[in-house]
Amino acid sequence: MSKETVSLEFYIPQFKNALLKYDLLEEQRRFTAFPEDALEKCKEDPERHPVVILYDNEPAGFFVLHGWSGVKDYSDNQNAMLLRAYSINLSFQGKGIASKSILLLKHFVKEHFTQVDEIILAVNHSNIMAQNVYKKGGFIDQGKRAMGREGEMYIYHLFLNEISGRK
């Protein structure tokens with residue numbers, strides 16, 4: 001294969017072993033959940049949809065799309081989803097996978113959640129690397145803030161319809 005491909009797929013049990021071998025830098029662990037822990041919460045909450053980021057069909061990253069019960073702390077848009085527990089496995093970092101996966105997110109959500117018109121996320125104020133990835137992928141900061149377990153978080157928005165910047 002000449003060019004590596006990044007794709008998004010809903011979690012299936014075949015991905016479990018690869019996700020168990022997941023590692024993150026200590027500083028990254030402060031800001032996100034390991035896939036194994038996030039998957040446990042997904043079992044308990046039908047509004048949480050686990051998604052695996054594939055790099056050449058190999059699990060390289062993970063995130064959860066969370067429905068209204070996750071969004072309501074950050075927005076009154078009932079057609080929004082919350083992006084949470086986003087990470088790239090340490091052994092796959094530095095290959096542009098994060099940037100490519102964020103660019104794929106809009107199409108993935110439109111395809112699988114047709115009523116959703118916005119994706120929201122909370123990113124820690126000191127997690128500069130993640131902020132840059134999200135902004136490059138089209139997320140915008142409209143000035144909303146929240147407190148998280150590691151301090152202040154910026155609330156970013158990605159509008160899925162052509163009209164963006166809606167408040």
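Structure shown above.
Nothing here was measured: the structure is a model prediction, and the numbers come from that model.

Cut-offs used in this document
Residues numbered from 1 in each chain as written. Predicted model: local features only at pLDDT ≥ 70, side-chain atom pairs only at ≥ 80, totals over all residues. Heavy atoms only, no water. Helix = DSSP H or I, 4+ residues; strand = E, 2+ residues; numbered from the N terminus. Buried < 20%, exposed > 50% of the residue type's maximum accessible area, 1.4 Å probe, protein only. Polar contact = N/O pair within 3.5 Å; in protein donor to acceptor, adjacent residues only side chain to side chain. Pairing = 2+ DSSP bridges. Axes fitted to C-alpha atoms, helices over the stretch in contact; angles between N-to-C directions. Phe/Tyr/Trp six-rings, centres within 6.5 Å; stacked < 30°, edge-to-face > 60°. Salt bridge = Lys/Arg side-chain N within 4 Å of Asp/Glu carboxyl O.

1. Here's the deal with the side chain of E118
Within the secondary structure layout, E118 lies in strand 5 (residues 118-124). Given the relative accessible area of 2%, E118 is considered buried. Among the polar contacts made by the side chain of E118, one reaches the side chain of H157 at a distance of 2.5 Å.

2. Concerning the sheet that holds strand 2 (residues 48-55)
Ordered by their spatial adjacency, 7 strands build an open sheet running 1-2-3-4-5-7-6, and the pairing between neighbours is mixed. Only two strands of the sheet have a single neighbouring strand rather than two, namely strand 1 (6-10) and strand 6 (140-148). Pairwise comparison of adjacent strand axes, ignoring direction, gives a mean angle of 30 degrees for this sheet. One ladder, built from 8 bridges, connects strand 2 with strand 3 (residues 58-66); its direction is antiparallel.

3. Side note on the environment of M129
Position of M129 relative to the elements: it lies in helix 6 (residues 128-136). With 65 residues separating them along the chain, M129 and V64 place their C-alpha atoms 19 Å apart.

4. Comments concerning the packing of aromatic side chains
Enumeration according to the criterion identifies 7 aromatic pairs in this entry. Residues Y86 and Y134 carry aromatic rings whose centres are separated by 5.8 Å and whose planes lie at 70 degrees to one another, so their mutual orientation is edge-to-face. Remark: Y134 occurs in helix 6 and Y86 occurs in strand 4 (residues 80-88); sequence separation between them is 48 residues. Y134 shares its class with Y86; the two are buried. On the numbers, 5.8 Å between centres and 65 degrees between planes, the contact of Y134 with F139 is edge-to-face. The burial state of Y134 is the same as that of F139; both residues are buried.

5. Structural notes on the pattern of salt bridges
This model, assessed by the stated rule, comprises 6 salt bridges. One salt bridge in this structure joins R30 and E150, with 3.2 Å as the shortest N-O distance. Here the residue R30 occupies a position in the loop between helix 2 (26-29) and helix 3 (35-44), and E150 occupies one in the loop between strand 6 and strand 7 (151-159), the gap between them amounting to 120 residues. Owing to a relative accessible area of 33%, E150 belongs among the partly exposed residues under this scheme. Residue K43 is joined to E40 by a salt bridge in which the shortest nitrogen-to-oxygen separation is 3.0 Å. Taken together, the residues K43 and E40, both in helix 3 and 3 residues apart, mark about one turn of the helix. For K43, a relative accessible area of 63% puts it in the exposed group. E40 gets classed as partly exposed once you look at its relative accessible area, which sits at 40%. Here the residues in one salt-bridge network are D23, E26 and R29, joined through shared partners.

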